[in-house]
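# Examining the three-dimensional arrangement
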Amino acid sequence: MRWLGDVLGSRRGGWTPRHAAALVFVVTLIATMGSCLQAGKRCDGVDGFCPIGYACVPSGDGRHLCLAPDHINKCGNEVIEDGEVCDDGNVQSGDGCSADCQSDEDCGNGIVDPARGETCDCGTDDIEPKHAQCRGQQNSTTGGYCRNDCKTHCGDGMRAENEICDPNVPVMTSCATLRYDFGRPGCTSACDALSTASCGDWNWRHQDVGPSASLQDLWGSGPQDVFAVGEGGTILRYDGQRWEEMSSTTSAWLNGVWGSGPQDVFAVGQGGTILRYDGQRWEEMSSTTSAWLNGVWGSGPQDVFAAGEDGTILRYDGQRWIDISPATTTLLHDVWGSGPQDVFAVGEDGTILRYDGQRWKGVQSITSESLYDMWGSGPRDVFAVGGHGTILHYDGDRWQAMESTTNELLFGVWGSGPQDVFAVGAGGAILHYDGQGWQAMESSASESLIGVWGSGPQSVFAAGEAGTILRHGGQGWQDMSLNMAEWLLGVWGSGPRSVFAVDEWGTIRRYDGQDWQAMDSTTDEILFGIWGSGPQDVFAVGAVGAIVHYNGERWRIMETSSLKSLFDVWGSGPQDVFAVGEGGTILRYDGQGWRVRRSDMTESLNGVWGSGPQDVFAVGDDGAILHYDGQDWRTMSSATSSSLQAVWGSGPQDVFAVGDDGTILRYDGQDWQAMSSPTSSSLRAVWGSGPQDVFAAGENGAFLRYDGISWLKLDSMTDRDLRAAWGDGRTSFVVGEHGTIFRHTRPAPPR
């Protein structure tokens, strides 16, 4: 509304009929407005009025507004009032003023305006950061929480200066760097730390096929029932005729073994591991410690002691293991007693402890050398051995040093009586005590001997490094060590319960899901490679052209015209098999016989694989790659001069080759290209379940996985050289140095 003076503003000029009509209109308007003006009030300082009860408020653009009482100091009334930054007359965001009138919706104002697409706002210029996520840093193009366009750096697909990672940028390190076995780390939502949600531990089980692993201790119930334990959870048993490996429930080092009888045997070791054998199987017991346990002894099946690192001593009462550790953190190596109320423990720096049935007490020692083992014929005749040939004897009153004939470390001691005691140690050292003095015995071992036990003076066993086992029959020591391979060179399986492995002695072993058993291979030649079309059709190849075939019942030698060593074998079926080897040698089997295939290659070929009979690849020295199309072998252009050792593919347009110095190549159906490798160790094996799930293994325990993004290092849990591998997607076997076999099983391959 406007005042009458405004409406009837004077105008120069005379009256006209038109003026008369206007006058009538104005009079009528005045009459109409009168009733309204009777309840109105003039606005102070502005040219206008508002009804009584309404507030007359300047709008900021030269106008005034009449506000009803319930619209005063409210967002959306078109008036910027106390506490408001803006007010555009509505309560909608995204139009330059937020729905709560607190933001002008400009990026950099320190307020996050989702309606404008903002995900953050840490302020610019004189606007200080208000949010904890900003960590005191304003919007920036180079780092911090928020970019200059009010989008978070975290998740933008670029790693900013002070970000650890970004969820949309693949982390190029392996979970192995975070103490996991496999996986690629993710990124936290704040980009300030790596996420381990995608990391995991392998279900790897060490499967040494015999005692090539270090053996740490021996115990038996008699001359025809002896147990040996050691590296990688190895447990062996001697039945009077031969040693056989027992099925173990752990891959942890086992350091001590003792039993009350053939159906009640305890073994202790790494990480507090305790196993018990009931005559049928070994089972893991609940332990109260994660400390390494080094020695075990008992007075009976319901009274067993175990000792280890940090002064740990546990006692088993027939129901459970109880911690009875003394007040010491000294590393303890062994425990032995003459009865439940007379138990000794020995350890580092000459430590000797004694238990009287109530508590442990320290015994004054006469040496500072570490003591590694102890044995006694009774409470007044106890021997302890240790560093630098140290031998101590306890006569019931005091400990005394005995004259020793060696400076070698002595690791084990046992006797059949007070005048017939044996001690073993480093470098194959063996000493004998006859009641008068200690004398060195002739030993056929050069490896360190760590454990010794016997059933009597004419049946004593010693065991140690590299699976060494000796037996003393009263006259001299004889080597009982199994003829184990130093190297397993090839592996293939038709399934997880039918796996074959070959070694440098021409031995072929087969795994049936429970145990590895040696087979009669009919050859003594080194075998390098093995492949089959099924469990009753398996080929193995080796030195000087050796080829043997298994028909499900026995192995037989196959005739060939080549004397060149063959390094690998693969086929598309039982009547289409390829073997490659020395000097570019290629043989093909057609179901009737082996024929030499022409090759212009002079370099040795180390690996062969194909997607079918008309698509076969062979790789070899100096980066050599050949391809067979069903008609001819042709040389392919290689992206390396490094020797290639193995080849595998998920299909004809996705083939991988690995080799020396960590070399990894990939073929896409057109060209071979080098891939970025995270290792410089030579790679000897490649296998996988698909193009985004490929593994490679090699020297010094090198173990890699390709997940479709990049190759990552994995934790193989060994530093031994790995030479060959086979897998069916869910189960993988990897073999190598010292007869090493690792088996991994996972729920399902990644998709």
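Please refer to the structure placed before this passage.
Quantities reported herein were computed from a predicted structural model and do not represent experimental measurements. Every residue gets a number counted from 1 within its own chain, in the order that chain's sequence is written. Thresholds applied to this predicted model are a pLDDT of at least 70 for local features of residues and 80 or more for the giving and counting of side-chain atom pairs; totals over whole chains, interfaces and linings are not thresholded and use all residues. Side-chain descriptors were evaluated using all non-hydrogen atoms of the structure, hydrogens and water having been removed beforehand.

## A closer look at the state of the cysteines
The disulfide definition used here is simple: a pair of cysteine sulfur atoms within 2.5 Å. Under the defined criterion, the tally for this structure stands at seven disulfides. Covalent S-S linkage joins cysteine 50 and cysteine 66, the inter-sulfur distance amounting to 1.8 Å. With the S-S dihedral at roughly -85°, the linkage between cysteine 50 and cysteine 66 falls on the left-handed side. On the criterion of sequence distance, the pair formed by cysteine 50 in strand β2 (residues 49–51) and cysteine 66 in strand β4 (residues 64–67) is long-range, its members being 16 residues apart. Each residue's exposure class comes from its accessible area (1.4 Å probe, protein chains only) as a fraction of the maximum for that residue type: buried when under 20%, exposed when over 50%, partly exposed otherwise. You can call cysteine 50 buried: its relative accessible area is 0%. Cysteine 66 sits in the partly exposed class, given a relative accessible area of 33%. Cysteine 86 shares a disulfide with cysteine 97; S-S distance 2.0 Å. In this structure the cystine formed by cysteine 86 and cysteine 97 twists about its S-S bond by roughly 90°; its chirality is therefore right-handed. With a gap of eleven residues between them, cysteine 86 in the loop between β4 and β5 (186–187) and cysteine 97 in the loop between β4 and β5 connect regions that are remote in the sequence. Under the relative-accessibility criterion, cysteine 86 is labelled buried at 9%. On the basis of relative accessibility, which here comes to 2%, the residue cysteine 97 falls in the buried class. Strands here are runs of E lasting at least two residues and helices are runs of H or I lasting at least four, both read from the DSSP assignment and numbered beginning at the N terminus.

## Some words on the sheet that holds strand β51 (residues 633–635)
Remark on secondary structure: sheet strands pair via backbone hydrogen bonds, oriented parallel or antiparallel. Pairing is antiparallel in the open sheet, where four strands are placed in the order β48-β49-β50-β51. Two strands bound the open sheet, and with one partner strand each, they are β48 (605–612) and β51. Across the sheet, the mean angle from the axis of one strand to that of its neighbour is 20°, orientation sign disregarded. Two strands are said to pair when DSSP picks up at least two bridges between them. Looking at chain direction, strand β49 (residues 615–620) and strand β50 (residues 625–628) are connected through four bridges and run antiparallel. From the neighbouring strand, valine 616 faces β50, where its bridge partner is tyrosine 628. In this description, a line fitted to the C-alpha atoms serves as the axis of each element, helices being fitted only across the stretch in contact, and the angle between N-to-C directions of two axes falls anywhere from 0 to 180 degrees.

## Thoughts on the packing of aromatic side chains
A pair of aromatic rings is counted whenever rings of Phe, Tyr or Trp (Trp by its six-membered ring) have centres within 6.5 Å, and the orientation is called stacked for planes under 30 degrees apart, edge-to-face for over 60 and tilted otherwise. Enumeration according to the criterion identifies 54 aromatic pairs in this entry. For the pair tyrosine 589 and tryptophan 594, a centre-to-centre distance of 5.3 Å together with 35° between the ring planes defines the contact as tilted. Counting every residue linked through ring pairs, the aromatic cluster contains Trp375, Phe383, Trp414, Tyr433, Trp438 and Trp453. Here the basic side chain of arginine 723 rests over the ring of tryptophan 487, its NZ or CZ set 5.4 Å away from the ring centre. Placement of a charge over a ring requires the Lys NZ or Arg CZ to be within 6 Å of the ring centre, with the centre-to-atom vector within 35 degrees of the ring normal.

## With respect to the side chain of serine 498
By secondary structure assignment, the location of serine 498 is in strand β37 (residues 498–503). Under this definition, polar contacts are N or O atom pairs within 3.5 Å; protein pairs additionally need one hydrogen-donor-capable and one acceptor-capable atom, and for neighbouring residues in sequence, both atoms have to be side-chain atoms. Among the polar contacts listed, one links the side chain of serine 498 to the side chain of arginine 510, at a separation of 2.9 Å. If sequence neighbours within four positions are ignored, serine 498 has contacts with Trp492, Gly493, Arg510, Tyr511 and Pro535. Throughout, a residue-residue contact means that at least one pair of heavy atoms, one from each residue, lies within 4.5 Å.

## Thoughts on the pattern of salt bridges
Every case where a carboxyl oxygen of Asp or Glu lies within 4 Å of a side-chain nitrogen of Lys or Arg is listed as a salt bridge. Within this structure, the stated rule accounts for 18 salt bridges. Measuring nitrogen to oxygen at the nearest pair gives 2.6 Å for the salt bridge that ties aspartate 654 to arginine 666. You can see aspartate 654 sitting in strand β53 (residues 654–659) and its partner arginine 666 sitting in strand β54 (residues 664–667), a full twelve residues away along the chain. A single salt-bridge network, built from bridges that share partners, covers Arg147, Asp149 and Asp156.

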